Amino acid sequence: MKIYRLFLIGIFYDSEFISKGIMILLLRKTMLSNSSTTVNLDIQAKKIAVMKFGGSCFKNAEAFQQIVKITNLYDQEKKIYVASALHGVTDQLIQVTEYASSKNTRKLEEILESIKQRHLSTIQMIFKSNLEHQLEAYNGIKNYLAELSKVLNEVNEFGIIPYFIDYIVAFGEKMSTFLLHLYLKMNGFPTSLFMGEDLIITNDEFNNAFPDLRFTIHRVNQNLLPILNDANTNRIACITGFIGRNKIGYTTTLGRGGSDFTATIIARAIYACNQEHKIKVILWKDVDGMLSANPEFVDNPTLVKKLNYAEAKELAFFGAKVLHPKCLAVIENQNIPVEIRRFSSPSKKEDFSTISELSDNTDMKGIGSIKIASMITLSSAVMVKESGFVGKIFSILGKNNININFIAQSSSEIAITFVVDKNDGERALNLLTTSKDLPIKWMDVKKDDIGIIAVVGEHIHKSSNKCRIFRALSEIDLDAISISQCSNGLNISIIVPIKRVQEAANAINNEFSTPN
Ligand SMILES: Nc1ncnc2c1ncn2[C@@H]1O[C@H](COP(=O)(O)OP(=O)(O)O)[C@@H](O)[C@H]1O
Ligand SMILES: N[C@@H](CC(=O)OP(=O)(O)O)C(=O)O
C-alpha cells in the first residue's frame with residue numbers, strides 16, 4: 001500500500017519540459033552504444049518461434065497465465081515474444097497527444113489517469129503476492145509515465161509534430177512488454193527485454209514506417225542472436241511490437257496493428273543471419289485463424305486452414321484486423337510460415353490458419369469488403385483512342401494525394417470507373433470537373449457513394465467460381481454496378497450499393513460454404 005501511494009505521488013506532476021539538448025544526448029548515447037560492427041555468424045540451426053501477443057492477450061490475470069501455458073507448450077523452441085500495448089492504450093495515447101496539442105488539460109489528465117490506472121491494476125492483478133516484482137513493475141511504469149508526461153508538455157509547447165506521435169504511442173508497447181518480461185521472470189523463465197528501437201531500423205515515415213532490412217538484420221545479428229545462441233539458458237527475448245527507429249534515432253511506428261509486422265521483420269532478420277534455422281511466426285488472436293470473412297460482418301465465416309502469401313495479402317488489405325497488410329512482404333520470398341491461432345486454445349492440432357506457399361483446395365479464401373467509398377465515372381467519346389487521357393485523369397488525382405483502389409474501363413474506351421476513399425470523393429470530383437487539362441465540356445463526370453466486395457482466392461478467376469459468385473448475387477436480386485479482376489486472377493472486386501454490401505458478402509459466403 002505504501003509503495004502504491006509513493007508511486008501515485010511521483011508519476012505525473014512533473015511539468016518540466018525535456019530540453020532538446022538532453023534528447024539529443026540520449027539519442028547519441030543510444031546510437032553509440034549500438035554502433036559496434038561485430039557480426040555474429042557462429043550459430044547452430046534451431047527451431048525458433050516468433051510469437052506476437054496482441055492487446056487482448058493482456059486483459060486479465062488469466063490471460064497472463066495463458067502466456068505461461070503457451071511458453072510451456074513451446075518448450076522445444078527458442079522463443080521470441082513480440083507484445084502489443086494493453087488493449088485500447090494506443091488509441092488513448094493518440095488522444096492524449098491531441099489533447100496536449102489543443103491544450104485541453106482536463107481531458108488530457110483524465111485519459112492519462114486512465115492509462116496509469118490500467119497499468120497499475122494490471123500490476124496488482126499479475127504480481128499479487130510477489131512484492132519484489134510488484135515494486136520493480138511500479139518503478140518501471142512510473143518512469144515510463146513520467147517520461148510520457150514530459151513529452152506531452154513538449155507537445156503542449158510545440159504542437160503535434162509527426163515524430164512526437166510515434167514517440168508517444170510507443171509508450172503503450174514499452175509498458176506492456178516490460179510487464180510481460182517481468183511476469184515471465186517471476187514465473188521462472190529467463191528473459192531479455194528489447195525495445196523495438198534496439199532492433200528495427202526504419203525509414204523516416206513517421207506513423208507508417210517501413211524497415212530498412214540491411215541495418216535491421218545487422219542489429220538483430222548483434223543484439224538478439226547472442227540470446228538465440230546461448231546454449232545454457234532457454235532465454236526468451238521480449239520485444240516491443242510496433243516500434244522502430246530511423247537512422248538518427250527518432251522512434252518510428254510501423255502503422256496501426258504493426259506488432260504483427262514486428263514479428264515478421266524479426267523472423268526475416270533471424271533468417272538472414274542463419275538460413276538453417278526453422279523459423280515460424282505465430283500470431284495469437286481472439287479468433288481461430290483467418291476466416292473467410294470478418295465475423296462481425298458475415299454470419300458463419302469458415303476457417304481457412306491453408307492460404308498462400310498472395311491470398312493472405314489480398315485479404316489483409318481489406319482491413320481484416322487479423323493481419324497487418326504489410327507484414328508478409330518481408331517473409332514471403334523466404335517462405336517463413338505464419339500461423340494465426342486462437343490465444344485461448346493454443347494446443348489445437350489443426351484448427352488454425354497457416355500462411356505459407358501452400359494453399360488448400362478451397363477456391364474461395366475470403367471475402368473482403370469496403371462498406372463505403374466514392375465511385376467516379378467519366379464518360380465521353382473524346383477519350384476514345386486518345387493516348388495519355390487516362391494518365392491525365394490519374395495524375396490530377398495523384399498530385400493531390402488521392403489514392404485509387406478500384407479501376408474498370410470498358411474496352412470501347414468510352415467510359416472509365418474508379419473508386420477513391422469516401423473522404424476524397426468530393427475533392428476528386430471538383431478537381432476533375434475544374435481541370436484545365438481535360439475537355440470537360442465534352443465529358444460526363446459523376447460521383448456515387450458505393451460499397452465494394454472483393455472475393456479472393458488463387459482460383460477464384462475460374463469461370464465456375466465466377467458463376468457461383470454471380471449466382472449468389474442473382475439469388476438476392478442484386479446487380480453488380482461495376483466489376484474488376486486483374487490478370488493475376490486472385491481478386492474479383494464488385495461494386496454494389498452501400499446498403500447491400502453486407503447482404504452481398506453473406507450471400508457469397510453462403511454459396512461457397514455449401515458444396516457446389
Ligand atoms: N477475415 C477475418 N478473419 C479473422 N478475423 C477477422 C477477419 N476480419 C476481421 N477480423 C477481426 O480481427 C480480429 C482479430 O484481431 P485481434 O485478436 O484483436 O488481433 P490483435 O490483438 O492482433 O489486434 C477478430 O476479433 C476479428 O473480429
Ligand atoms: N498497439 C498498436 C500495435 C498493434 O499491433 O496493436 P494490436 O496488436 O492490438 O493490433 C496498435 O494498436 O495499432
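Here the structure is shown first, and the text comes after it.
Attention here is on the structure that accompanies the text. (Residues numbered from 1 in each chain as written. Chains lettered and ligands numbered in written order. Predicted model: local features only at pLDDT ≥ 70, side-chain atom pairs only at ≥ 80, totals over all residues. Heavy atoms only, no water.)

The subject of this paragraph is the overall build of the chain. A tally of helices and strands in the chain yields 15 helices and 16 strands. Since a compact globule built from 516 residues should have a radius of gyration of about 24 Å, the 25 Å found for the chain is in line with a globular shape. Considered along the principal axes of its C-alpha atoms, the chain spans approximately 75 × 55 × 45 Å. Counting the 516 residues in the chain, one finds 52% classified as buried. Across the chain, contacts joining residues at least 24 apart in sequence account for 77% of those joining residues at least 6 apart. Only carbon and sulfur atoms are counted for the fraction: they give 51% of the accessible area of the chain, which is about 23,500 Å². Averaging the positions of the 58 positive and the 54 negative side-chain charges in the chain gives two centres separated by 3 Å. (Helix = DSSP H or I, 4+ residues; strand = E, 2+ residues; numbered from the N terminus. Rg over C-alpha atoms; globule rule 2.2 N^0.38 Å. Buried < 20%, exposed > 50% of the residue type's maximum accessible area, 1.4 Å probe, protein only. Contact = heavy atoms within 4.5 Å. Areas by Shrake-Rupley, 256 points an atom, 1.4 Å probe, with all protein chains shown as cover. Lys, Arg positive; Asp, Glu negative; His and termini not counted. Charge placed at Lys NZ, Arg CZ, Asp CG, Glu CD.)

All right, on to the sheet that holds strand S13 (residues 415-421) then. Judged by pairing direction, the sheet is antiparallel, and its six strands sit side by side in the order S12-S13-S11-S14-S16-S15 without closing on themselves. The sheet is open, and its two borders are formed by strand S12 (404-409) and strand S15 (482-485), each paired with just one other strand. Strand-to-strand, the axes of this sheet are offset by a mean angle of 30 degrees, without reference to chain direction. In this structure, S12 lies alongside S13, joined through five bridges in antiparallel fashion. Looking at S13, one finds that alanine 408 is bridged to threonine 417. Across the sheet, helix H12 (residues 389-399) lies against strand S11 (366-379), S12 and S13, angled at about 15 degrees from S13, the strand it touches most. In this fold helix H14 (residues 463-475) packs onto strand S14 (444-456), S15 and strand S16 (491-496), with an angle of close to 20 degrees to the strand it touches most, S16. (Pairing = 2+ DSSP bridges. Axes fitted to C-alpha atoms, helices over the stretch in contact; angles between N-to-C directions.)

This part covers the pairing of strand S1 (residues 47-53). The buried fraction of S1 is high, at six of seven residues. Here seven bridges tie S1 to strand S7 (residues 278-285), and the two strands are oriented parallel to one another. From the neighbouring strand, lysine 47 faces S7, where its bridge partner is lysine 278. Following the chain from S1 across helix H3 (residues 61-73) to the adjacent parallel strand S2 (residues 78-83), one finds a crossover that is right-handed. (Right-handed = clockwise from strand over helix to strand, strands pointing away.)

Sheets are built from strands paired through backbone hydrogen bonds, the pairs being either parallel or antiparallel. On the basis of which strands lie adjacent, the open sheet formed by eight strands has the order S3-S4-S2-S1-S7-S9-S10-S8 and mixed pairing. Single-partner strands in this sheet number two, and they are strand S3 (191-194) and strand S8 (306-308). For this sheet the average axis-to-axis angle between neighbouring strands, irrespective of direction, equals 20 degrees. Where S2 and strand S4 (residues 236-240) come together, four bridges link them in parallel fashion.

Let us now look at the pattern of salt bridges. By the definition in use, this model includes 24 salt bridges. Note that aspartate 212 is salt-bridged to lysine 247, the shortest N-O span being 3.4 Å. A residue pair is termed long-range when its members are at least 10 positions apart, and aspartate 212 in the loop between helix H8 (196-199) and helix H9 (213-229) and lysine 247 in the loop between strand S5 (243-245) and strand S6 (251-253) qualify at 35 residues. For lysine 247, a relative accessible area of 46% puts it in the partly exposed group. (Salt bridge = Lys/Arg side-chain N within 4 Å of Asp/Glu carboxyl O.)

Between helix H4 (residues 89-101) and helix H5 (residues 105-126), whose axes approach to 9 Å, the crossing angle comes to 155 degrees. Compared by their axis directions, H4 and H5 come out roughly antiparallel. The hand of the H4/H5 crossing is left-handed. Note on element contacts: H5 touches H4 through Lys107, Leu108, Ile111, Leu112, Ser114, Ile115, Arg118 and His119, opposite Val89, Gln92, Leu93, Gln95, Val96, Tyr99 and Ala100. (Parallel < 35°, antiparallel > 145°, perpendicular 65-115°, else oblique. Left-handed = near helix turned anticlockwise from the far one by under 90°.)

The next subject is the side chain of arginine 341. Looking at where arginine 341 falls in the secondary structure, it is placed in strand S9 (residues 338-342). A polar contact of 3.1 Å, which involves the side chain of arginine 341, links it to the backbone oxygen of lysine 348. Residues contacting arginine 341, with those up to four places away along its chain left out, are Tyr74, Ile282, Leu283, Trp284, Lys285, Val287, Asp288, Pro346, Lys348 and Phe352. (Polar contact = N/O pair within 3.5 Å; in protein donor to acceptor, adjacent residues only side chain to side chain.)

The next subject is the environment of phenylalanine 206. Relative to the helices and strands, phenylalanine 206 resides in the loop between H8 and H9. Sequence spacing of phenylalanine 206 and phenylalanine 164 is 42 residues, and the spatial spacing of their C-alpha atoms is 9.1 Å. Beyond its immediate sequence surroundings of up to four residues, phenylalanine 206 is in contact with Pro162, Tyr163, Asp166, Asn246, Tyr250, Thr251 and Thr252.

Neighbouring ligand 1 are 17 residues; Lys52, Lys285, Asp286, Leu291 and Lys321 lie closest to it. A distance of 2.4 Å is found between an oxygen atom of ligand 1 and a side-chain nitrogen or oxygen belonging to lysine 52. One of the side-chain N or O atoms of lysine 285 is found 2.7 Å from an oxygen atom in ligand 1. Compared with its free state, where it exposes 570 Å², ligand 1 has 89% of that area covered by protein. Residues of the shell around ligand 1, tallied by class, amount to seven nonpolar, five polar and five charged. (Near = heavy atom within 4 Å. Nonpolar A, V, L, I, M, F, W, Y, C, P; charged D, E, K, R; others polar.)

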